[in-house]
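Coordinate analysis (summary)
This is what each chain is made of:
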Amino acid sequence: MPEGSFERMWADLAPVGRHPGTGGYRRYAWTRTDDTLREWFRAEAERRGLDVVPDRAGNLWAWTADPDAAGPGLVVGSHLDSVPDGGAFDGPLGVVSAFAALDDLRARGFTPSRPVGIACFADEEGARFGIACAGSRILTGALAADRARALTDDEGTTMAEALSAAGTDPRLLGRDDDALRRIGAFLELHVEQGRALADGAEAVGVGTSIWPHGRWRLDLRGRADHAGTTRLADRDDPMLGLAAAIQEARSAAERHGAVATIGKLRVRPNGVNAIPSEVTAWLDARGPLDEEVRAVVHEVGRAAGADPVEESWTPTTRFDGALRDRLATLLGTDDRSAPILATGAGHDAGILAAAGIPTAMLFVRNPTGVSHSPAEHAETADCLAGVAALARAIEALT
Ligand code: GLV
Ligand code: MN
Ligand code: MN
């Protein structure tokens, strides 16, 4: 790789969307910050003579050659958006590594025999409109365009309005068969989000599957009243249902070998001295087995006294077995193949795999084991090992 190519791109992205108070990133879909990130992606593509082709789902694809003429290509890449106060690596590591791997291959004089695409997926985290992997779900038809357009953010802005404000025509939103046809295979490099590689000798692992996971909304209603004058016996306080739901999320997850999180709340009217009239809580539940995750959700709903409303559900996803084994051998040593790991995190790679596209993932060691937080980390040497692994994979697969 040309000296410093990864580091330069990393430094360029570092200030974009970084909150000075928390040190975390607030890179939400279809905002001005998102626009800056998309402009950065376009500029990096242009710098390398790649053609950027948007699809009907808001994703960007930078191609080394025309896949409509030369046939489907190998796509690498990831996303640039973040969760609220997220880390620097979740998403951008895959996009920056993709450009750096291409630089490495070109510096070594390698010419791929089929097109290579670099993808920048829109709204992977679903931080603004609530549905994770919105760009890849719309692309594949897993999220209907009408439903996507009508999703609202916390201010009541619809996705359609946000798209229009960002200069993208929301009427064009929808499944994009032309874009799908161009993807021969997809390989997403991502920071590892737990401790699977943290204590091992290897900096890069290969993904095998994604746990089933989903998001549910709990609408808890009560009656607004005065915090000082209302007798306890006269209260109808939805916070009590919320408290029961939070406790049950923990204990049901323990019983079912799953994980469950209530990480987002909306309280109305949200005053210190007012009993709430309404509490909305979002439950994220995941685990190795679909039925155990569903059992957790059911039990949390029962404890809360509310029917959980399913906002998204992704069943178990398995990546392409042949591709996974090939990569594990390619990236291993003479003695052993690269580590193979499953993850509880969702990815656009999972959505494409579910749509029948041969898909694989590479994970780069995260020494903190922390993610969706400013503490998320990967050492530069490990990031460069990830770039080298991605370059070797592109070389072998094109
Ligand atoms: C996305 O990172 C998710 O797993 O929610
Ligand atoms: Mn994430
Ligand atoms: Mn991610």
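Here goes a summary of the coordinates provided. (Residues numbered from 1 in each chain as written. Chains lettered and ligands numbered in written order. Predicted model: local features only at pLDDT ≥ 70, side-chain atom pairs only at ≥ 80, totals over all residues. Heavy atoms only, no water.)

A separate point is the site of ligand 1. As a structural note, the neighbourhood of ligand 1 is formed by Glu125, Arg286, Ala345, Gly346 and His372. In the environment of ligand 1, an oxygen atom lies 2.7 Å from a nitrogen or oxygen atom belonging to the backbone of Gly346. Alone, ligand 1 offers 190 Å² of accessible surface; in the complex the protein occludes 94% of this. Classifying every residue of the shell around ligand 1 by side-chain character gives one nonpolar, two polar and two charged. (Near = heavy atom within 4 Å. Polar contact = N/O pair within 3.5 Å; in protein donor to acceptor, adjacent residues only side chain to side chain. Areas by Shrake-Rupley, 256 points an atom, 1.4 Å probe, with all protein chains shown as cover. Nonpolar A, V, L, I, M, F, W, Y, C, P; charged D, E, K, R; others polar.)

The next subject is the coordination of the manganese ion (ligand 3). At the metal site, the manganese ion (ligand 3) is ligated by His79 (NE2), Asp90 (OD) and His190 (NE2), and these contacts range over 2.0 to 2.2 Å. Here the manganese ion (ligand 3) and the manganese ion (ligand 2) are spaced 3.7 Å apart, with Asp90 acting as a shared donor. Of this pair, His79 sits in strand S3 (residues 73–79) while Asp90 is found in the loop between S3 and helix H4 (92–107), placing the two residues 11 residues apart along the sequence. For the pair His79 and Asp90, one class covers both residues: buried. (Donors = N, O, S within 2.8 Å, 3.2 Å for Na, K, Ca; no water. Helix = DSSP H or I, 4+ residues; strand = E, 2+ residues; numbered from the N terminus. Buried < 20%, exposed > 50% of the residue type's maximum accessible area, 1.4 Å probe, protein only.)

On the basis of which strands lie adjacent, the open sheet formed by four strands has the order S9-S11-S7-S12 and antiparallel pairing. Two strands close off the open sheet at either side, each with one partner strand: strand S9 (259–268) and strand S12 (309–314). Strand-to-strand twist across the sheet, computed as the mean angle between neighbouring axes with direction ignored, equals 15°. Sheet topology note: the strand S7 (residues 213–221)/strand S11 (residues 278–286) ladder contains nine bridges and is antiparallel. Its bridge partner being in S11, Gly214 is matched across the sheet by Ala285. Against the sheet, helix H9 (residues 238–256) makes contact with S7, S9 and S11, and its axis sits at roughly 170° relative to S9, the strand it touches most. (Pairing = 2+ DSSP bridges. Axes fitted to C-alpha atoms, helices over the stretch in contact; angles between N-to-C directions. Contact = heavy atoms within 4.5 Å.)

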